[in-house]
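If you want the building blocks of each chain, they are given just below.
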Number of protein chains: 4
Amino acid sequence: MVIIMKAGASAQQIAGVVNRIESDGMRAHLSQGEERTIIGLVGDERPVDAEQIEVLDGVERVLPILRPFKLASRDFKRENTVITIKAGGQTFDVGGKGVVMMAGPCAAESREQVLESARLVREAGANALRAGAFKPRSSPYSFQGHGEKALQWMAEARERYGLALVTEVMAPEQVLLVSSYADILQVGARNMQNFPLLHAVGYSMKPVLLKRGMSATMEELLMAAEYIMSHGNYNVMLCERGIRTFEKYTRNTTDINAIPVLQELTHLPVIVDPSHGTGKWEYVPAVARGAVAAGADGLIIEVHPEPSKALSDGAQSLTPAKYQALVAQLRAVAEAVGRKLLV
Amino acid sequence: MVIIMKAGASAQQIAGVVNRIESDGMRAHLSQGEERTIIGLVGDERPVDAEQIEVLDGVERVLPILRPFKLASRDFKRENTVITIKAGGQTFDVGGKGVVMMAGPCAAESREQVLESARLVREAGANALRAGAFKPRSSPYSFQGHGEKALQWMAEARERYGLALVTEVMAPEQVLLVSSYADILQVGARNMQNFPLLHAVGYSMKPVLLKRGMSATMEELLMAAEYIMSHGNYNVMLCERGIRTFEKYTRNTTDINAIPVLQELTHLPVIVDPSHGTGKWEYVPAVARGAVAAGADGLIIEVHPEPSKALSDGAQSLTPAKYQALVAQLRAVAEAVGRKLLV
Amino acid sequence: MVIIMKAGASAQQIAGVVNRIESDGMRAHLSQGEERTIIGLVGDERPVDAEQIEVLDGVERVLPILRPFKLASRDFKRENTVITIKAGGQTFDVGGKGVVMMAGPCAAESREQVLESARLVREAGANALRAGAFKPRSSPYSFQGHGEKALQWMAEARERYGLALVTEVMAPEQVLLVSSYADILQVGARNMQNFPLLHAVGYSMKPVLLKRGMSATMEELLMAAEYIMSHGNYNVMLCERGIRTFEKYTRNTTDINAIPVLQELTHLPVIVDPSHGTGKWEYVPAVARGAVAAGADGLIIEVHPEPSKALSDGAQSLTPAKYQALVAQLRAVAEAVGRKLLV
Amino acid sequence: MVIIMKAGASAQQIAGVVNRIESDGMRAHLSQGEERTIIGLVGDERPVDAEQIEVLDGVERVLPILRPFKLASRDFKRENTVITIKAGGQTFDVGGKGVVMMAGPCAAESREQVLESARLVREAGANALRAGAFKPRSSPYSFQGHGEKALQWMAEARERYGLALVTEVMAPEQVLLVSSYADILQVGARNMQNFPLLHAVGYSMKPVLLKRGMSATMEELLMAAEYIMSHGNYNVMLCERGIRTFEKYTRNTTDINAIPVLQELTHLPVIVDPSHGTGKWEYVPAVARGAVAAGADGLIIEVHPEPSKALSDGAQSLTPAKYQALVAQLRAVAEAVGRKLLV
């Protein structure tokens, strides 16, 4: 932590900051510049609250030196985290050499729709089935999901078609229920900073797909992962699902930069969601290819047997035929960058 | 709802859209332009999901005509909603002619700090005491609040100093507990789209202070209010607390435009939080004055007996003396715009 | 400047950075932390390019300590800059105790419209007439302004009604022409980083109204002012005119925080444009009152004799009657905060 | 254009809007909904200014139906625009089946540096040399470019190494000079809405590389292209160079969605700049691969013989060796998606 004193800070103000640092058990390191005095804090700065220093008399700004996340950082663990999923009779690794494919409808709408979706994505190529039982909707009047019934349909699909299940959990009190069905708990973008929920999925020890908030920075995403990991649950996959920008032709802007940046900062796997990242099925194939070429460890894609009848997100759902064609393209791209699809 | 067909959409595609609309029980209204066919949907469009129409063959875009919120809208209720708070022996109206003042520390840190804060803000001029018992913090290693103990300290302060209590509730399972102490339930910015929480505070029937999400639009804020109101709890105050922008000198950007815009769109009271809106106490007085001049129904301001010892948000907390000076300024500004402070 | 080395940077990499700094004539100051080595640069860091240091082997990040602007900063000049405008027989100060009012139509549309606008705003209360002769329009097919003819109409209005003239200059080659008519040169938001234009208005020595770019930070605004001032033209007024955010109900978001922040960082006057800041005339009065209460040194407001016939920006233009009513409100607010309108 | 009247608009207000539309020579088409009256405008809406309608009594909102750009749109021209560049003895097509590579330093720093850069990128694989003679810098104290001298060095490099030249033009009065040297005129991100400059490059008839503004939408980018094309210069390449977001680990966020979106909306070629899109050379290869996989027609990449001595943008410049390795990767990715590099 580096503390920049105001131009003209008095000796007394400087001493006040130094005393405060030393009373926290750290050492202070003074550096008298021409225009400003700079105070460096020697030692692990994480226990010191920058805000408390910033408010001291004569302080202009406080610059943190260390990243605020620890367990999630590459400094803490050099080698990639590989999460092994065993479900429906199959086993696959997320974060290894292979590229994992998760696909399925936005919402689980009926037993038939879930089973049909599972069959179709399995045939086209998928490791996991995605579908929502509890749906975060911006209107209280929209369909809010079929709850536990939907989880049962999904469990049946897992057995029949050998797919792992990834589904969203929206509140701490749902974690136990959803964990008893799902193989991967999804924390949605709107809940990335729902701290009670992060604590609860941290306790659950289930693999977690953590979606980046709509306007979250990568540092905030990694702090959310840190929340989960602080309970010992290290099975966290980060999901880039597009961020809010001024652009209006797309629902979100897929942050493709996030792939190499996260792979530098953290050991956790990076999954990309081009369906939410664009909001329009026409753009999904191009962005999916881009994500694999850039090094994503997996994709999660909305596929619906009949998008025009979908209860939600129809506009961004691929038909099974289009998804199948995309899988073929992705296979070629993965190979061009020295990886392979796991389907 | 207006549906814009692609240039060159076929007669069959147009018929497909019309059939779909009519099968939903609405009437369609065709308008053949030079470059595009436009289809208007006659009737209340809210039950129709724009996404489901957008995905039909030949559709370019769907433009909603009606606002998606209903109970929260001025069309639904012309006159202002006035919420009467009775607590600690006093009664005051939020949303009437008077301007309400809520003040106190970010977090309830100890019994002494809570009582001292309450005494000081009461003397300086305040209707409600704000303080956090459950704290949303971006790091799992930061202080997370004293929980129920803190609520008890606050209840004691209410009795002693005659202040209403406003405090944050972070999860559905906390609503019952927090409701048994607080006079106003705060839903924080990070939870504005925590839908299970919105449902739970909607059921509670307690007055709610709903903070705008960090990157939320006003429409999204009003949809969150709609969630609460859809359970019959109409006692919702909207709180502008600054939005995230590219600006780095401030923590957030106070959206002063939100005051007149919300007052046009909705009948609910509008409260402004200049402490989070700026993130630096030096800027709080100017923005607080601006908010009152622009027509805010109240302010919520962080005040700490000793900001440099605050466990959180010290940098944006006023000292009691500075808060007192600000109250005097605000009194003058309120009168200049034909209102008066309620303290 | 503080240079943070990567965890595990070698002694050789550290020596490389130190050598580079010393070869630039500065002193380096090493600080060996537990996880990172930090190198402080002693001396005026401004001539050193952070990018060149950032690219050296073993460097993780470079944190600048000093603000990059100098002439524009309060450290350079403590007391407020007061710009005296003499025009049309009147004299007024921008940046003093008084609050200046600039008003008029978006575009100068005809001699009659300019004279009528001038007469009306003068009667309602204005120090300067704003109107555009050269118009930046997002479509090449929109009205682009009447050019020099418009400047002549404005000059006539100045003589008749005793108003100073503020008008936009869009290209370096227009500076000479516009300077020969205008009392204040406006640099528009889209041109805030048009560096050849900033150089040209810097050479002109005319007072400049510099508008903040639509997505510019205050630091970037102050760097643009620095460009102008680097040629010796210190007569720069900064104009907050709203920034682009995700909000859709307004055209821009007026950054009211900018008023106290800029007043802390710089000695230059701060003007607010609530017309562009909101984009809708209904919201202009509330935001204008807020700006004066927060401490703005002046306002620039769009007023059109007949907004529904305006060739541009009709939706955000006040009628003369509404402007007159607003001036009365502003007079009261200014007095409540210890200032007075200059009209 | 669809005009939404306010709830409760009077018959007189509706008639006022209809009259206005008809006096502009269009036909109005009324549709009486349950809550609102909607007025459709039949005919080409582009000459009608939405702002002028919005300000009429009783109007709530105006929704445009048609895209505001015409010449740049796929509706106007279905087949891709292919721009043939002949320079330095070679010929290549931008916008055809091949993927074009432009590479070189941020700034032309010396004759030696320019020739050396040209030699190295030519060997590694490049069609065009990029280098700046006129540099837009955020500080007036930074290096501003070597001007015409730099253009001469570049012309020498073209002859020696058979590369086309792409370089930035910053002001209308530079267009003639720069056109006499360059093969492609670059309009920088900060000048995307510098309308006098867009007019000037439109008159020049030279191929133009138009960079998307830092916070510009794609619609605004296409309107800027429309400016250039409105003078008959149809040789416009659009360049996605990253947009400003809240993310701090990268300088900008590369909008990969822009590739498929622009290819749907327009016939113009799309070039991606991963150097500015990320701001850090470590991330350039991943994003460059992603862009080619997503369908970009070309890349423009910063390469410097010695990045740590670069006068600008060193942190985002690849070494020639790293660029060479990247070209090999891109060759494989291009083939995987059915295209090939032109080098």
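From a predicted model like this one, the values you see are computed outputs, not experimental measurements.

Conventions and cut-offs
Residues numbered from 1 in each chain as written. Chains lettered and ligands numbered in written order. Predicted model: local features only at pLDDT ≥ 70, side-chain atom pairs only at ≥ 80, totals over all residues. Heavy atoms only, no water. Helix = DSSP H or I, 4+ residues; strand = E, 2+ residues; numbered from the N terminus. Buried < 20%, exposed > 50% of the residue type's maximum accessible area, 1.4 Å probe, protein only. Contact = heavy atoms within 4.5 Å. pLDDT = per-residue confidence, 0-100. Buried area = accessible area lost by both parts, 1.4 Å probe. Salt bridge = Lys/Arg side-chain N within 4 Å of Asp/Glu carboxyl O. Polar contact = N/O pair within 3.5 Å; in protein donor to acceptor, adjacent residues only side chain to side chain. Least-squares fit on C-alpha atoms with pLDDT ≥ 70 in both. Domains from an automatic or database assignment. Core = buried A, V, L, I, M, F, W, Y, C linked by side-chain atoms within 4.5 Å. Pairing = 2+ DSSP bridges. Right-handed = clockwise from strand over helix to strand, strands pointing away. Phe/Tyr/Trp six-rings, centres within 6.5 Å; stacked < 30°, edge-to-face > 60°. Lys NZ or Arg CZ within 6 Å of the ring centre and 35° of its normal. Nonpolar A, V, L, I, M, F, W, Y, C, P; charged D, E, K, R; others polar. Axes fitted to C-alpha atoms, helices over the stretch in contact; angles between N-to-C directions. Parallel < 35°, antiparallel > 145°, perpendicular 65-115°, else oblique. Left-handed = near helix turned anticlockwise from the far one by under 90°.

Observations concerning the overall build of chain A
In step 1: Secondary structure assignment for chain A yields eleven helices and 15 strands.
In step 2: C-alpha extents for chain A along the principal axes are approximately 75 × 45 × 40 Å.
In step 3: Across the 343 residues in chain A, those meeting the buried criterion constitute 68%.
In step 4: Residue pairs at least 24 apart in sequence account for 68% of intrachain contacts in chain A once pairs closer than 6 positions are excluded.

Concerning the confidence of the model for chain A
In step 1: When the pLDDT values of chain A are averaged, the result is 94; 99% of them are 70 or greater.
In step 2: Scored as a complex, the prediction yields pTM 0.95 and ipTM 0.95.

Remarks on the interface of chain B and chain A
In step 1: Facing 50 residues of chain B, the contacting portion of chain A comprises 50 residues.
In step 2: Roughly 3800 Å² of surface becomes buried between chain B and chain A when both sides are summed, with 50% attributable to carbon and sulfur atoms.
In step 3: Contact with chain A buries surface across chain B, with Glu51, Val55 and Tyr141 of chain B losing the most and accounting together for 14% of the total.
In step 4: Across the chain B-chain A interface, the total number found is two salt bridges.
In step 5: A salt bridge links Glu220 of chain A to Arg244 of chain B, with the nearest nitrogen and oxygen atoms 2.3 Å apart.
In step 6: Scanning the region where chain B abuts chain A turns up 19 residue pairs in polar contact (both at pLDDT 80 or more).
In step 7: Looking at the side of chain B that touches chain A, the element that brings in the most residues is helix α7 (residues 218-229) of chain B, giving four residues.

Some points on the relation of the copies chain B and chain A
In step 1: Mapping chain B onto chain A calls for a screw motion: a turn of 180 degrees about the axis and a shift of 0.0 Å along it, with 0.0 Å RMSD after fitting. Expressed as a symmetry operation, the mapping of one chain copy onto the other fits a two-fold axis. Residues of chain B ranked by C-alpha distance from the rotation axis are headed by Ser215 of chain B, positioned 3.2 Å from it.
In step 2: When the interface residues of chain B are mapped onto chain A, 98% of them again fall at the interface, so both copies present the same face.

Here's the deal with the relation of the copies chain B and chain D
In step 1: Overlaying chain B on chain D yields an RMSD of 0.0 Å, the required transformation being a rotation through 180 degrees with an accompanying axial translation of 0.0 Å.
In step 2: Taken together, the interface assignments show that 100% of the residues at the interface of chain B recur at the interface of chain D, consistent with an identical surface on both copies.

Some thoughts on the domain arrangement of chain A
In step 1: Once the domains are mapped, chain A shows domain 1 (2-63) and domain 2 (83-341).
In step 2: Its C-alpha centre places domain 1 of chain A at a distance of 44 Å from the equivalent point of domain 2 of chain A.

Structural notes on the nonpolar core
In step 1: Ranked by size, the top nonpolar core spans 339 residues in total, and within it Leu210 of chain A, Leu210 of chain B, Leu210 of chain C together with Leu210 of chain D carry the most contacts.
In step 2: Each residue touching Leu210 of chain C, except ones within four places of it in the same chain, is listed here: Val187, Met192, Leu198, Leu221, Ala224, Ala225, Ile228, Val236, Met237, Leu238 and Cys239 of chain C.

Overview of the pairing of strand β7 (residues 98-104) of chain D
Residues and elements named next belong to chain D.
In step 1: Of all seven residues in β7, seven are buried; the element is thus mostly enclosed.
In step 2: Here β7 shows a buried face lined by Gly98, Val100, Met102 and Gly104 and a second buried face lined by Val99, Met101 and Ala103.
In step 3: Alignment of β7 against strand β15 (residues 340-341), held across two bridges, turns out to be parallel. Within the sheet, the bridge partner assigned to Gly98 lies in β15 and is Lys340.
In step 4: Bridge count between β7 and strand β14 (residues 298-302): five bridges; the pairing is parallel. The residue bridging Gly104 from the neighbouring strand is Glu302, located in β14.
In step 5: As judged from the two bridges shared by β7 and strand β8 (residues 128-130), these two strands associate in the parallel manner. Residue pairing across strands places Met102 opposite Ala128, the latter belonging to β8.

Overview of unusual backbone geometry
Residue and element names in this part refer to chain A.
In step 1: The backbone phi angle of Met205 is positive, close to 65 degrees, even though this residue is not glycine.
In step 2: Tracing the backbone through its elements, the reader meets Met205 in the loop between α6 (195-204) and β11 (208-211).
In step 3: Owing to a relative accessible area of 42%, Met205 belongs among the partly exposed residues under this scheme.

With respect to the pairing of strand β11 (residues 208-211) of chain B
Regular strands have side chains that alternate between both faces of the sheet.
Residues and elements named next belong to chain B.
In step 1: With burial as the criterion, each face of β11 is covered, one bearing Val208 and Leu210 and the other bearing Leu209 and Lys211.
In step 2: With three bridges joining them, strand β10 (residues 184-187) and β11 adopt parallel strand pairing. Counted as the bridge partner of Leu185 is Val208 from β11.
In step 3: As for the winding sense of the linkage, the β-α-β connection from β10 through helix α6 (residues 195-204) to β11 is right-handed.
In step 4: Judged from the four bridges that link them, β11 and strand β12 (residues 236-240) form a sheet pairing that is parallel.

Comments concerning the side chain of Thr37 of chain C
Residues and elements named next belong to chain C.
In step 1: Within the secondary structure, Thr37 is located in strand β3 (residues 37-42).
In step 2: Among the polar contacts listed, one links the side chain of Thr37 to the side chain of Gln32, at a separation of 2.8 Å.
In step 3: Among residues more than four places away in sequence, those in contact with Thr37 are Ile3, Ile4, Met5, Ile14, Leu30, Ser31 and Gln32.

A short note on the packing of aromatic side chains
Residue and element names in this part refer to chain A.
In step 1: Scanning the entire structure with this criterion turns up eight aromatic pairs over all chains.
In step 2: Ring centres of Phe195 and Tyr227 lie 4.6 Å apart, and the angle between their planes is 25 degrees; this geometry places the pair in the stacked category. In this pair, Phe195 is assigned in helix α6 and Tyr227 in helix α7 (residues 218-229), connecting sequence segments 32 residues apart. In this pair, the class of Phe195 matches that of Tyr227, namely buried.
In step 3: Taking the ring centre of Trp281 as reference, the NZ or CZ of Lys322 above it sits at 4.1 Å.

Quick word on the interface of chain B and chain D
In step 1: With 27 residues of chain B in contact, the opposing surface of chain D contributes 27 residues.
In step 2: Counting the surface lost from both chain B and chain D, the interface buries some 2200 Å², and carbon and sulfur atoms represent 58% of this.
In step 3: Between chain B and chain D we count four salt bridges in total.
In step 4: Residue Arg67 of chain D pairs with Glu60 of chain B through a salt bridge whose shortest N-O separation is 3.6 Å.
In step 5: Across the contact surface, chain B and chain D share four residue pairs in polar contact (both at pLDDT 80 or more).
In step 6: Contributing elements (two or more residues each) for the side of chain B that touches chain D: β1 (2-5), β2 (27-32), β3 (37-42) and β4 (59-63) of chain B.
In step 7: Taken together, the residues of the side of chain B that touches chain D break down into eleven nonpolar, six polar and ten charged.

Quick word on the sheet that holds strand β4 (residues 59-63) of chain D
Residue and element names in this part refer to chain D.
In step 1: Ordered by their spatial adjacency, four strands build an open sheet running β2-β3-β1-β4, and the pairing between neighbours is antiparallel. Both outer strands of the open sheet, β2 (27-32) and β4, are each paired with one neighbouring strand and no more. On average, adjacent strands in this sheet sit at an angle of 20 degrees to one another, irrespective of strand direction.
In step 2: Pairing analysis gives three bridges linking strand β1 (residues 2-5) to strand β3 (residues 37-42), with the strands arranged antiparallel. Residue Ile4 lies in a different strand from β3, and its bridge partner there is Ile38.

Side note on the side chain of Thr266 of chain B
In step 1: If you trace the backbone, Thr266 of chain B turns up in the loop between α8 (258-265) and β13 (270-272).
In step 2: Apart from the residues within four sequence positions on either side, Thr266 of chain B is in contact with Ala72, Ser73, Arg74, Leu222 and Leu238 of chain B.

Thoughts on the pattern of salt bridges
In step 1: One pass over the structure, following the stated rule, counts 84 salt bridges over all chains.
In step 2: When the shortest N-O distance is used, the salt bridge between Arg160 of chain A and Glu156 of chain A registers 3.3 Å. Of this pair, Arg160 of chain A and Glu156 of chain A are both found in helix α4 (residues 148-161), four residues apart, which corresponds to roughly one turn of the helix.
In step 3: Linking Asp273 of chain B and Lys211 of chain B is a salt bridge whose minimum nitrogen-to-oxygen distance equals 2.7 Å. One end of the pair, Asp273 of chain B, is in the loop between β13 and α9 (274-278); the other, Lys211 of chain B, is in strand β11, with 62 residues separating them in the sequence.
In step 4: Exposure remark for Lys211 of chain B: the relative accessible area of 3% places this residue in the buried category.

Focus on the packing of α7 of chain B against α8 of chain B
The relative placement of two packed helices comes down to the angle between their axes together with the axis-to-axis distance.
Residue and element names in this part refer to chain B.
In step 1: It is at 11 Å that the axes of α7 and α8 come closest, and there the two elements cross at 50 degrees. Between α7 and α8, the angle is such that the two are oblique. At the point where α7 passes α8, the crossing takes the right-handed sense. Listed contacts from α8 to Met218, Leu221 and Leu222 of α7 are Ala258, Val261, Leu262 and Leu265.
In step 2: Here the residues of the contact of α7 with α8 are counted per class, giving seven nonpolar, no polar and no charged.

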